[in-house]
Amino acid sequence: MLSPLSRPGSATALFAAAILAGSLLGALAPTAGSTVGSFADPLIVLLVGILFFTLRLEGLSALRRAPRVVALAIGINFLVIPLIAWPLTALLPSDALRLGVLLYLLAPCTDWFLGFTRMAGGDTTVGAALIPVQMTLQLLLYPVWLSIFAGQSAALVFDSAAATLLTWFALPSGIALAVRLLTRFALPVGARSALYSAADRAVPFVIAAVILALFAGNVETIVSDMSSFAWVLLVVFVFFVITFGIGEAASALWRLSYPERALLTMTTSARNAPLMLALTTVALPDQPVVAAAIVLGMLIEFPHLTVLTHVMRRRAAVRTPRPKLSG
């Protein structure tokens, strides 16, 4: 059962407040904004851990259960989306902005999309099983994109990818799953359910904290060139409209169930700004415009994901038959 803050309207208000607070902090008090921004990495690790802690352990084999949605998610994210992102970013006024937005658009999310999938009533078990697959693919492709678009050494980026994968996925997910397994033996059923429910309710707050930290740490660069970054918002908005249309068409063509459709919608919409930001700051140091372009995409992404959550849940409500009254 979803908590009140898991409702799309409440989530919109919470995430909008986080964007506003982070932006104001970073613009009015840059030193404090930079300090708050330094908490983004541990907050993202915490988010990954919470999401895995609330998963069912049998979900690791779920890829075999829904081969159509798995194939569609991987195909759209890694084959179709690059064909969309490349011409769209040609509209941007500088090479740094083009590179930042490309890196942002080409990487499907591997953490908070699962929270939105849960809020939309989608298949989080298959979504969780997709995470290591999609993370591995985007890490392998990241040096390829940099070698094509920025002339970077692929070997250098590969060296940093292993450590990033361990920090951002293996450790938090492994610890979370181990703790969940431990609770099965150490806690009674009622206490376990209460603990899992508390973790579920914490997800929107942790996402909001991540948003606040990312905007606080990067808004100063964005404010310094508002006209150029306005183009970033336009390109990202058009991208999300196009990908939503593609997801809808694919879902209808392959006749996906509602949980599969909600999952496909979220995984092809949410982008992996935190991971791309972490990799890019290692591979391209002293490139604040590239980093700011990655962060700015979230200004469109989170309202977009919230609207999608609302739309998908309305569809689910329409599809669910009302119980018949007896008597």
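Residues numbered from 1 in each chain as written. Predicted model: local features only at pLDDT ≥ 70, side-chain atom pairs only at ≥ 80, totals over all residues. Heavy atoms only, no water.

Moving on, we come to the overall build of the protein chain. Within the protein chain, the secondary structure is distributed over 13 helices and 0 strands. N-terminal to C-terminal, the α/β element order of the protein chain is α-α-α-α-α-α-α-α-α-α-α-α-α. By the burial criterion, 52% of the 327 residues in the protein chain qualify as buried. Sequence separation of at least 24 residues holds for 86% of the intrachain contacts in the protein chain that already meet a minimum separation of 6. Accessible surface for the protein chain amounts to roughly 14,500 Å². Of this, 69% is attributable to carbon and sulfur atoms. (Helix = DSSP H or I, 4+ residues; strand = E, 2+ residues; numbered from the N terminus. Buried < 20%, exposed > 50% of the residue type's maximum accessible area, 1.4 Å probe, protein only. Contact = heavy atoms within 4.5 Å. Areas by Shrake-Rupley, 256 points an atom, 1.4 Å probe, with all protein chains shown as cover.)

It is worth spelling out helix 10 (residues 226-253) at this point. Its 28 residues give helix 10 an end-to-end C-alpha distance of 41 Å, which sits within 8% of 40 Å, the value for a rise of 1.5 Å per residue. The set of residues buried in helix 10 consists of Ser228, Phe229, Val232, Val235, Val236, Phe239, Phe240, Thr243, Gly247, Glu248, Ala250 and Ser251. Positive backbone phi, approximately 50 degrees, marks Arg255, located one or two places after helix 10. (Expected span 1.5 Å × (residues − 1).)

Trp112 and Ile207 are the most contacted members of the largest nonpolar core, which totals 98 residues. Not counting chain neighbours up to four residues away, the residues in contact with Ile207 comprise Phe15, Leu47, Trp112, Phe116 and Phe302. (Core = buried A, V, L, I, M, F, W, Y, C linked by side-chain atoms within 4.5 Å.)

Summarising the element assignment, Glu248 is placed in helix 10. Those residues in contact with Glu248, other than ones at most four positions away along the chain, are Arg261, Thr265 and Arg315.

Looking at the element boundaries, Thr243 is found in helix 10. Residue Thr243 is classed as buried on the basis of its relative accessible area, which comes to 1%. Not counting chain neighbours up to four residues away, the residues in contact with Thr243 comprise Ile81, Ile84 and Thr268.

Turning our attention to the environment of Thr124. Along the chain, Thr124 falls in helix 7 (residues 124-149). Under the relative-accessibility criterion, Thr124 is labelled buried at 16%. Separated by 10 residues in sequence, Thr124 and Leu114 have C-alpha atoms that sit 6.3 Å apart.

Angle between the axes and distance between the axes: these two values describe a pair of packed helices. At their nearest, the axes of helix 6 (residues 112-119) and helix 7 sit 10 Å apart, and the two run at 170 degrees to each other. As the angle between them shows, helix 6 and helix 7 are arranged roughly antiparallel. Along its contact with helix 6, which presents Phe113, Leu114, Thr117 and Arg118, the element helix 7 presents Thr124, Gly127, Ala128 and Ile131. Among the residues making up the contact of helix 6 with helix 7, the classes are represented as 4 nonpolar, 3 polar and 1 charged. (Axes fitted to C-alpha atoms, helices over the stretch in contact; angles between N-to-C directions. Parallel < 35°, antiparallel > 145°, perpendicular 65-115°, else oblique. Nonpolar A, V, L, I, M, F, W, Y, C, P; charged D, E, K, R; others polar.)

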